Structure formats: C-alpha cells, structure tokens
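These are the residues of each chain, in order.
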Amino acid sequence: MTQFSETTEDFADTSESDSFFRETVRVFCRNRMAVIGLILVGALVFVAIFIPLISPHDPYRVALDEQFLPPSTTYWLGTDNFGRDLLTRILYGARISLVVGIVPSFISLVIGAVMGIISGYFGGKTDVVIMRLADTMLAFPSLLLAMVVMYTLGANLFNIFIALSLVGWAGVAMVVRSQTLALKEKEYIEAARANGTSKVTIMVRHLFPNVIPTLIVLFSLSIPEAIMWESSLSFLGVGVQPPEASWGLLVAKGKEYLFSAPLVAIIPGVAILVAVLAFNFVGDGLRDALDPYMKD
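Just so we're clear, the structure is a prediction, and the values are computed from it rather than from any experiment.

Asks: Any chance you could explain the packing of aromatic side chains here in plain terms?
Replies: Any aromatic ring pair is given by two values, namely how distant the centres are and how the planes are angled relative to each other. According to the stated counting rule, one finds three aromatic pairs in the structure shown. Note on Phe 68 and Tyr 257: the rings are 4.8 Å apart at their centroids and 55° apart in plane angle, and the pair reads as tilted. Taken together, the residues span a long stretch of sequence, with Phe 68 in the loop between α2 (32–54) and α3 (86–122) and Tyr 257 in the loop between α9 (247–254) and α10 (263–290) at a distance of 189 residues. What makes Tyr 257 partly exposed here is its relative accessible area of 23%.

Following this line, the structure appears as structure tokens:
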C-alpha cells in the first residue's frame, strides 16, 4: 500500500511538472519577439561553437595591401585597417561576447542566490551585514567599479570574469532575499522547522527550488548587460586586448576611420545591438512565462 501511494505521488509530481513545462512553453511561444530573440540567440550560440568550421578567413591574417576593401564576394563585409576580413572578426567576436555574457552572469547568479537566501532566512545581524555589503556594491556605478577592478588586476579575459561577477551579484542577492522573506513564512517551511529539519536542508530543498524561476529570468537579463559592460570595457581599452576580436574593441578601433570606412565601426555596433536585443527579448518572454502575476 505504501509503495502504491509513493508511486501515485511520483506520477502526480511528474504530471504537474509536465503541465507546468507545457504552460511555460505555450506562454513563451505566444510572445513573438521572445521567439525571434530565441532564434537569434540560437544562431549566436551556433556561431560561437562552430566558428572555426564556418569562418571564411583567418581572423588574425594581416594583409596591408588589402586595407579597407569594400564588400565583395570574397570579403562580404569588407576588410579592416589591417586587411583582415571584417565578417570573420565579427563572428569570432560573437564567441567572446557569449562567453563573457554567460560566465560572469552565472557566477554572480550563484553568489547572489546564496547570499540572498542566507540573508533572508537567517535575518538579524547576518542580514544586516550582507545587505550593507550589497548596498556598498550598488552605490558605485557598475562600469566604474568594473574599470577599477580591471585597472587593478590587469586587462585580460579572466579578470573580466572577476570584474563583472563582482558588479552583478548584489542586485541578485536583493531580489532573492525579498523572495526568501516571503517564502520562509509559508506553512510548509514552518512544518519543516517543526519536524526538526536542519536550516541548510530547508534552504537547499525548500527555498532554493522556489526561487529558480526568478533566477532564470535574472540570468537571461544579466547576459546582455554583461555583453554591454564587456564592450564598454574593451572600447575604453581595459577589456579584451588586441589581436582578439571583441565587438567593443572593433568599435574602438573602427571609430578612427568612421568617415573614411564607416562599416568597420558600424557593423560591430550593430552586432552588439542585435545580441543585446535578442537576449532582452528572451528574458522578457521568460518573465512573462514564469511569473504567475504576469500570466494573470
């Protein structure tokens, strides 16, 4: 009898999960801009993974006798000031932008989620210390703080991860804390406490799963923000360094030839715009699909 009950409960949980997933997909697909954004993000991921197989030229090949060639069948978007194929450079820049968008966003999400749950659940002095630390991080302009970190640690891709992770965790912690404060007063949390469940178990098994939808939305919306920060840092000379192909770096180098060869600066800027809009559309669609208040 007990085994039959457990099997029935497992089946019910599976059915509820499938129903929630189908409803989420239905609401997401109803948002046309979100679907378009997802297609663009998929194309960006495809390019980032398979760029060595599909890139038409070597992104680092220098040919000074082919500077600023116009678009042609050989060079679809023309060449830059070193005679390098602009399309190839932009495709390789997609890989850097995607990595810089995902890795720091994930790190800041993990740090922010842990700090937010601890702060909201324990309260008291723990809450005060964590929230004042978050307030301190948010008091500084994000780009300025990232620049300070980059100037201190040096300009390379690994330090960009550190800088953007430090910038992004505080906002996540505040959102997760507010949800934890509401969740910890629920009946099932009170029942878990009454049964002697440890605080760590309550946070991991009961609180964390309930903030996952919010974390998914925050993650999707923090990726374009990280791409913009990386582009800004590279544009200012403290991000990705030559000869790497970063979109921000391409815009920075191309602005010197804005009137003589405008495509060198405009096309990377358009790539940044398209990528940021695509991720924002996906984030908006996920918010509509996962937020019960938006569904209503």
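Asks: What am I meant to see in the packing of helix α5 (residues 142–153) against helix α8 (residues 199–235) here?
Replies: Each pair of packed helices can be described by the angle between their axes along with the distance between the axes. As a packed pair, α5 and α8 sit with axes 11 Å apart at the nearest point and diverge in direction by 55°. Regarding the angle of α5 to α8, the classification is oblique. Remark: the crossing between α5 and α8 carries right-handed chirality. In this structure, α5 contributes Ser 142, Leu 143, Ala 146, Met 147 and Met 150 to the contact, and α8 contributes Trp 229, Ser 232 and Leu 233. Tallied by class, the residues present in the contact of α5 with α8 amount to six nonpolar, two polar and no charged.

Asks: Would you mind going over the packing of helix α6 (residues 157–183) against α8 with me for this structure?
Replies: Put simply, α6 and α8 touch, their axes get as near as 10 Å, and they point 150° apart. Relative to α8, the element α6 lies roughly antiparallel. Crossing of α6 against α8: the hand is right-handed. Across the interface between the two elements, Ile 160, Leu 164, Val 167, Val 172, Val 175, Val 176, Gln 179, Thr 180 and Leu 183 of α6 pack against Leu 207, Asn 210, Val 211, Thr 214, Leu 215, Leu 218, Ala 226, Trp 229, Glu 230 and Leu 233 of α8.

Asks: Teacher, can you tell me more about the confidence of the model for the protein chain here?
Replies: Low-pLDDT portions of the prediction should not be read for the details of their coordinates. Within the protein chain, residue pLDDT values average 86, and 92% of them lie at 70 or more. Note that pLDDT drops below 50 for residues 1–12; the model gives that stretch zero contacts with residues more than four away or on any other chain.

Quick notes on the rules
- Residues numbered from 1 in each chain as written.
- Predicted model: local features only at pLDDT ≥ 70, side-chain atom pairs only at ≥ 80, totals over all residues.
- Heavy atoms only, no water.
- Phe/Tyr/Trp six-rings, centres within 6.5 Å; stacked < 30°, edge-to-face > 60°.
- Helix = DSSP H or I, 4+ residues; strand = E, 2+ residues; numbered from the N terminus.
- Buried < 20%, exposed > 50% of the residue type's maximum accessible area, 1.4 Å probe, protein only.
- Axes fitted to C-alpha atoms, helices over the stretch in contact; angles between N-to-C directions.
- Parallel < 35°, antiparallel > 145°, perpendicular 65-115°, else oblique.
- Left-handed = near helix turned anticlockwise from the far one by under 90°.
- Contact = heavy atoms within 4.5 Å.
- Nonpolar A, V, L, I, M, F, W, Y, C, P; charged D, E, K, R; others polar.
- pLDDT = per-residue confidence, 0-100.

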